[in-house]
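# Working through the structure, step by step
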Amino acid sequence: MAVAMSSTCPGLYCGRMMVNGSVEGECGVCPRGERANLQKVCERCSESPELYDWLYLGFMAMLPLVLHWFFIEWYSGKKSSSALLQHITAMLECSVSAVVTLLVTEPVGKLSIRSCGVQMLSDWYTMLYNPSPDYINTIHCTQEAVYPLYTIVLIYYAFCLVLMMLLRPLLVKKIACGLGKSDRFKSIYAALYFFPILTVLQAVGGGLLYYAFPYIILVLSLVTLAVYMSASEIQSFKNLIAKKKRLVVLFSHWLLHAYGIISISRLDKLAQDLPLLALVPGPALFYIATAKFTEPSRILSEGGNGH
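Just so it is clear, the model here is predicted, and its values are computed rather than measured. (Residues numbered from 1 in each chain as written. Predicted model: local features only at pLDDT ≥ 70, side-chain atom pairs only at ≥ 80, totals over all residues. Heavy atoms only, no water.)

Okay, the packing of aromatic side chains next. What the rule picks out here adds up to 17 aromatic pairs. A centroid spacing of 5.3 Å and a plane angle of 70° characterise the contact between Y56 and Y210, whose relative ring orientation is edge-to-face. Placement of the pair is Y56 in helix 2 (residues 51-76) and Y210 in helix 5 (residues 186-231), with a sequence separation of 154 residues. Assigned by exposure class, Y56 and Y210 land together as buried. For the ring pair F59 and F213, a centre distance of 5.4 Å and an interplane angle of 25° mean the geometry is stacked. Placement of the pair is F59 in helix 2 and F213 in helix 5, with a sequence separation of 154 residues. Assigned by exposure class, F59 and F213 land together as buried. Through a chain of ring-to-ring contacts, the aromatic side chains of Y52, Y56, F59, W124, Y150, Y210, Y211 and F213 assemble into a single cluster. The residue whose ring lies beneath R266 is Y52, and the NZ or CZ to ring-centre distance is 3.8 Å. (Phe/Tyr/Trp six-rings, centres within 6.5 Å; stacked < 30°, edge-to-face > 60°. Helix = DSSP H or I, 4+ residues; strand = E, 2+ residues; numbered from the N terminus. Buried < 20%, exposed > 50% of the residue type's maximum accessible area, 1.4 Å probe, protein only. Lys NZ or Arg CZ within 6 Å of the ring centre and 35° of its normal.)

Here it is, written out as structure tokens:
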């Protein structure tokens, strides 16, 4: 009872309720959508998300879409003409899910959200910071201190999964004529595996991803671009523009590069940060310029001539 009657609450996230202009009740967890302020009083989240918060949500929203596209391409086969329509359907599913998620999040019915903001990494893992003032009894103050950045992603994944199960099987059954009966649904089966993985990833590593996603985007986009250009044997601009698909892949990677650079810089100082976007084509240009010097057949032939 000494804890309940004290003027301040222990722990980082415990607070008291404000009722009719006065602070009442025992120290405990704040209601959803509220967070304890410096005076340990539960305060309603009323901030608008920062640019970085939106970029994080965009990254988490892109993950299922990119995985959808990868597995559709992987399992569609060369004979199937349904890949493009499935790609468009996957984009439609994720886009509609994102819009619906924003509409059902407070303020309901608007394409905007109110946020508590992220102050430090521990905000994502409040369950680890339940205080024990007398080392016997624990005050449980586990809450969503980063409201709604934690749960909104999980809600979005749920909508994506539901829409996929409603739309994709019917579409694939009608258009995937070039595939066998067992192969045409493999991209859907893959999604049934990666959605639980993404959910666990957000639940366990959401805070780490929040701080690391710009660097993850840059590293993965650079690696996948290099692997794609190597596998496609692109060694000159002529090879690059020979097929429209290669240009689509290239511009997609450039967009990811730009997204990563903007996420790191946060565009705090436009005069300094915008010129960084000129670096976006750099990796592709560097690869094409140096590809002829690193071709294995040339290295082997020169080694043979040396002997």
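Right, let's talk about the UniProt feature "transmembrane region" (unreviewed entry) in the protein for a bit. The UniProt feature table records "transmembrane region" (unreviewed entry) at residues 54-72, 147-167, 188-205, 211-231, 247-264 and 270-289. Here residues 54-72 is 100% helix and 0% strand, with 27 Å between the C-alpha atoms at its ends. Secondary structure over residues 147-167 splits into 81% helix and 0% strand, and the C-alpha atoms at its two ends are 31 Å apart. (UniProt positions renumbered as here; feature names shortened; annotations may be inferred.)

Quick look at the nonpolar core now. Y56, L57, M60, W124, Y157, F195 and F213 are the most contacted members of the largest nonpolar core, which totals 37 residues. Only helix 2, helix 3 (83-104), helix 4 (151-175) and helix 5 provide two or more residues apiece to this core. When residues in this core are grouped by element, the largest group, ten residues, is from helix 5. The residues touching L57, leaving out its near neighbours within four places in the chain, are I113, L149, I152 and V153. Counting seven residues, the second largest nonpolar core, distinct from the first, contains L225, M229, L240 and A284. (Core = buried A, V, L, I, M, F, W, Y, C linked by side-chain atoms within 4.5 Å. Contact = heavy atoms within 4.5 Å.)

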